[in-house]
Amino acid sequence: MGCWFSRLEREETVSRCRARKRYMKQFVKARQAFAASHSMYLRSLRSTGSALLQFAGAEVSHQSHHHHRHHLPPLPPSPTRQPATPQPPPPPPLMSPTSDTWTSSTTASTALPPPPPPPVTSSWDFWDPFMPSVSRPVTEEEWEAATSASDVAVTNTIGAASVTAPPSVVSGFSKKASTSELALVVSTTSKDLVEIIKQLDEYFLKAADAGSQLSSLLEIPSCGFPEQVSSGKVYGYGKSLSPLLRTWGSCQKLDGFGSNVSGGDAINGSHCSTVDRLYAWEKKLYLEVKNAQTLKMEHEKRSTQLRRMELKRADYVKTEKTKKEVEKLESRMIVASQAIETTSAEIIKLRESELYPQLVELVKGLMSMWRSLYEYHQVQTHIVKQLKYLKTIPSTEPTSEIHRQSTLQLELEVQQWHIAFCNLVKAQRDYIQSLTGWLRLSLFQFSNNSLSKTGKDSAIYTLCEEWHLAVDRIPDKVASEGIKSFLTVIHAIVVQQAEEQKQKKKSESVCKELEKRAGELRSSESKYGPFSMPESSSSTRHKNPIAVKRAKVEMLRAKAEEEKAKHEKSVSVTRAMTLNNLQMGLPHVFEAITGFANVCIHAFESVCNQAKNTDEAHDMKRRLLP
């Protein structure tokens, strides 16, 4: 029995149908993951903008306490009005040998002017994530050299990542679309950090809203998220999407294999419903094919037995009984064959009338979304370049606990942005890969004759093959590394703030000990007033307990002053590092993500054009046919 079942499973038609069912099962899960990762990516854009704004507000609150800013409010844009202050010429671009393609196509990475050096020169370590740990500035000249070196390092990091992309794809970065919104955000008048980040946050929100059309096509529910996701406090959601997939499940309940219980028009809309019904039909088809193959094998066995009985002129009753069994099997085989044909026809109908139009709309939606994201991220690139013109003196205000928490939240949100981006790219690749695999197996009948391909068959296969090739060519590592590099500079600020907090506690501990010892000295002097006399020699000093205590207090006072100076130095380093890292990290991340969006535009535009050309060619052939 085991050998018979194994032989049945190895039969070509059964094996092909089992593979089809497996691909469709993967496609169902991939569609859910694609929808979930798309939603998570849009949420990560909103959360990152919000976290940046909160972080900037906490940073500027330090400076507003101790420094008065002189800046003019931005002028409203006017085609005839000249700016009040001439814009300084842009600094020369930094070009690296390994990133010619990238830098020439993203307006090149520019060298940012270094922030003022820390006011106190000491042996305090300034940690820069793009510098070797053995080379850390303590002087003004080393500070300037370190800033330039770190700029080059980031440029090289992103440039090196772009080498992994095919030249034909990366060349798409060079085509910059002009946008009227640039005039609204680029101003030559001075702005503070919060004003710049506020504009940045506005375009994060616009970028997130740009995916709403695709969210509708992917049928992302507005109330299907766990509570922690809705509140924005998601820790580690990018590591696993399974909780969301379990929450979503199937979008609609199906009655049998074709009826939509909710009453919606599946032909015009529900991609989720179409995919679920295709999977239901594929499971049904697999069972029917297995049944038909079982009947075929049984029929062959009984037919062979009947021929032998007729040749041997066996008992008439037994021979007639076997003959009836063969005829019954033949009837069941006809019914099974008709069932397969009916099920196959339903699958073809779903594939042609529902799935193909939905896929075309999805590709159009992806093209439209990335076009909008490109425009908004391009504006953000210009916004963050204004950071180089900030004229702020590093504050001496210590980092507050609220500021530390806002920095940790920013690090978390940027990390989730990176994870969400990687998940989005992977989910789309899994989606189209499983769909293409299913199509390669489903464009054939389960009989000796191949299925005569219709125009839709060829069109959907061409569309998916082009889509599959497009997503494989997209250089997502460039954008991924861009986000990751920004995460690195934020982490550097977190580390420096922790060092500042550590030094603060150390200074407070020494001061507390000083107060304690000074109190003891005062108490002793009050109690032994007559014995508290100046010492005339070393021997006397050692014998006098008051002198010993006074010496300890003086040592602690000196140490307290030293630790206090170290803490003040640490505070100034934190303030200067924060501005420097924002100036250094933000432009690179938006240049990377803008370049990625530009490549996506051209990739999906090519897929749409290919689908349009295929449809037009088939329409022409149909019109020419008699």
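Just so we're clear, the structure is a prediction, and the values are computed from it rather than from any experiment.

What counts and what doesn't
- Residues numbered from 1 in each chain as written.
- Predicted model: local features only at pLDDT ≥ 70, side-chain atom pairs only at ≥ 80, totals over all residues.
- Heavy atoms only, no water.
- Helix = DSSP H or I, 4+ residues; strand = E, 2+ residues; numbered from the N terminus.
- Buried < 20%, exposed > 50% of the residue type's maximum accessible area, 1.4 Å probe, protein only.
- Areas by Shrake-Rupley, 256 points an atom, 1.4 Å probe, with all protein chains shown as cover.
- Core = buried A, V, L, I, M, F, W, Y, C linked by side-chain atoms within 4.5 Å.
- Contact = heavy atoms within 4.5 Å.
- Salt bridge = Lys/Arg side-chain N within 4 Å of Asp/Glu carboxyl O.
- Phe/Tyr/Trp six-rings, centres within 6.5 Å; stacked < 30°, edge-to-face > 60°.
- Lys NZ or Arg CZ within 6 Å of the ring centre and 35° of its normal.
- 1 Å grid on protein atoms, 1.4 Å probe; cavity = no way out; pocket = protein on both sides within 12 Å on 5 of 7 lines; lining within 4 Å.
- Points joined across faces, edges and corners; volume = space filled by probe spheres on them.
- Nonpolar A, V, L, I, M, F, W, Y, C, P; charged D, E, K, R; others polar.
- Polar contact = N/O pair within 3.5 Å; in protein donor to acceptor, adjacent residues only side chain to side chain.
- Axes fitted to C-alpha atoms, helices over the stretch in contact; angles between N-to-C directions.
- Parallel < 35°, antiparallel > 145°, perpendicular 65-115°, else oblique.
- Left-handed = near helix turned anticlockwise from the far one by under 90°.
- Expected span 1.5 Å × (residues − 1).
- pLDDT = per-residue confidence, 0-100.

**Digging into the overall build of the chain**
Then, number 1: When its secondary structure is counted, the chain shows 17 helices and four strands.
Then, number 2: Out of the 626 residues belonging to the chain, those deemed buried represent 47%.
Then, number 3: Carbon together with sulfur atoms contributes 55% to the accessible area of the chain, which is approximately 31500 Å² in total.

**Some words on the environment of Ile 340**
Then, number 1: Of note, Ile 340 is situated in helix H12 (residues 316-384).
Then, number 2: Here Ile 340 falls in the buried class, since its relative accessible area comes to 9%.
Then, number 3: Considered as a pair, Ile 340 and Leu 287 are 53 residues apart in the sequence and their alpha carbons are 9.6 Å apart.

**As for the nonpolar core**
Proteins that are soluble and globular tend to have nonpolar side chains buried together.
Then, number 1: Core analysis: the largest hydrophobic core is formed by 107 residues, its most contacted members being Leu 359, Trp 370, Trp 467 and Leu 586.
Then, number 2: Those elements that provide at least two residues to this core are helix H2 (12-66), helix H7 (193-209), helix H11 (271-311), H12, helix H13 (401-442), helix H14 (455-473), helix H15 (476-527) and helix H17 (545-624).
Then, number 3: In terms of residues, this core owes the most to one element, H12, which gives 21 residues.
Then, number 4: Residues contacting Leu 586, with those up to four places away along its chain left out, are Leu 52, Ile 197, Leu 200, Val 384, Leu 387, Phe 486 and Asn 581.
Then, number 5: Ranked by size, the runner-up nonpolar core spans eight residues in total, among them Ala 518, Leu 521, Ile 546 and Val 553.

**Structural notes on the pattern of salt bridges**
Side chains that differ in charge, positive against negative, can pair when their charged atoms come close.
Then, number 1: Going through the model one piece at a time under the given rule, you end up with 20 salt bridges.
Then, number 2: Residues Arg 404 and Glu 401 are paired through a salt bridge, measuring 2.9 Å at the closest nitrogen-oxygen approach. With Arg 404 and Glu 401 both in helix H13 and three residues apart, this pair spans about one turn of that helix.
Then, number 3: In this structure Glu 401 comes out as partly exposed when scored by relative accessible area, which is 42%.
Then, number 4: Taken together, the salt bridges that share partners define one network made up of Glu 298, Arg 302 and Glu 325.

**With respect to the packing of aromatic side chains**
Then, number 1: Overall, the coordinates contain ten aromatic pairs when judged by the stated rule.
Then, number 2: Aromatic side chains Tyr 431 and Trp 467 sit 5.7 Å apart centroid to centroid with 50 degrees between the ring planes, which places their arrangement in the tilted category. Here Trp 467 lies in helix H14 and Tyr 431 lies in helix H13, a separation of 36 residues in the sequence. Of the two residues, Tyr 431 and Trp 467, neither departs from the other in class, the shared state being buried.
Then, number 3: Sitting over the ring of Tyr 23, Arg 22 keeps its end group 6.0 Å from the ring centre.

**Concerning empty space enclosed by the protein**
Then, number 1: Using the criterion set out here, one finds seven cavities of 30 Å³ or more in the structure.
Then, number 2: Empty space within the largest cavity amounts to approximately 80 Å³.
Then, number 3: Forming the boundary of the largest cavity are Trp 370, Leu 424, Val 425, Gln 428, Arg 429, Val 471, Ile 474, Phe 596 and Cys 600.
Then, number 4: Within the residue set of the lining of the largest cavity, elements represented by two or more residues are H13 and H17.
Then, number 5: Per-element accounting of the lining of the largest cavity gives the leading share, four residues, to H13.
Then, number 6: Looking at the lining of the largest cavity, its residues break down into seven nonpolar, one polar and one charged.

**Focus on the side chain of His 418**
Then, number 1: Following the sequence through the fold, His 418 ends up in helix H13.
Then, number 2: Look at His 418 and you get buried, because its relative accessible area is 13%.
Then, number 3: For His 418, the side chain forms a polar contact with the side chain of Ser 480, separated by 3.0 Å.
Then, number 4: With near-sequence residues (within four places) excluded, His 418 lies in contact with Ser 480, Ile 483 and Lys 484.

**So, the packing of H11 against H12**
Then, number 1: Where H11 contacts H12, the two axes come as close as 8 Å, and the packing angle between them is 160 degrees. When the axis of H11 is compared with that of H12, the two are roughly antiparallel. Like other packed secondary-structure pairs, H11 and H12 cross with a definite hand, here left-handed.
Then, number 2: Within the contact of H11 with H12, the residues separate by chemical class into 19 nonpolar, ten polar and 15 charged.

**What to know about the environment of Gln 305**
Then, number 1: Within the secondary structure, Gln 305 sits in helix H11.
Then, number 2: Sequence-wise, Gln 305 and Thr 319 are 14 residues apart; in three dimensions their C-alpha atoms are separated by 9.2 Å.

**Quick notes on unusual backbone geometry**
Then, number 1: For Glu 219, which is not a glycine, the phi torsion comes out positive at approximately 60 degrees.
Then, number 2: In this structure Glu 219 comes out as buried when scored by relative accessible area, which is 19%.
Then, number 3: Positive phi values are uncommon outside glycine, yet Arg 313 reaches one of about 50 degrees.
Then, number 4: Tracing the chain through its elements places Arg 313 in the loop between H11 and H12.

**Some details on H11**
Then, number 1: Taking 1.5 Å of rise per residue, the 41 residues of H11 would be expected to cover 60 Å, and the 59 Å separating its terminal C-alpha atoms lies within 8% of that figure.
Then, number 2: Between the side-chain oxygen of the N-cap and the backbone nitrogen of Ser 273 there are 2.9 Å, and the N-cap of H11 in question is Ser 270.

**Quick look at the packing of H13 against H15**
Then, number 1: Where H13 contacts H15, the two axes come as close as 9 Å, and the packing angle between them is 160 degrees. Relative to H15, H13 is oriented roughly antiparallel. Seen along the crossing, H13 lies across H15 with a hand that is left-handed.

**Digging into the confidence of the model for the chain**
Then, number 1: Averaged over all residues, the pLDDT of the chain is 74; the fraction at 70 or higher stands at 63%.
Then, number 2: Note that residues 65-98 has pLDDT below 50 and, in this model, 52 contacts with residues that lie over four places away or in other chains.
Then, number 3: Predicted confidence for residues 139-175 stays below pLDDT 50, and this span has 76 contacts to residues more than four positions away or in other chains.

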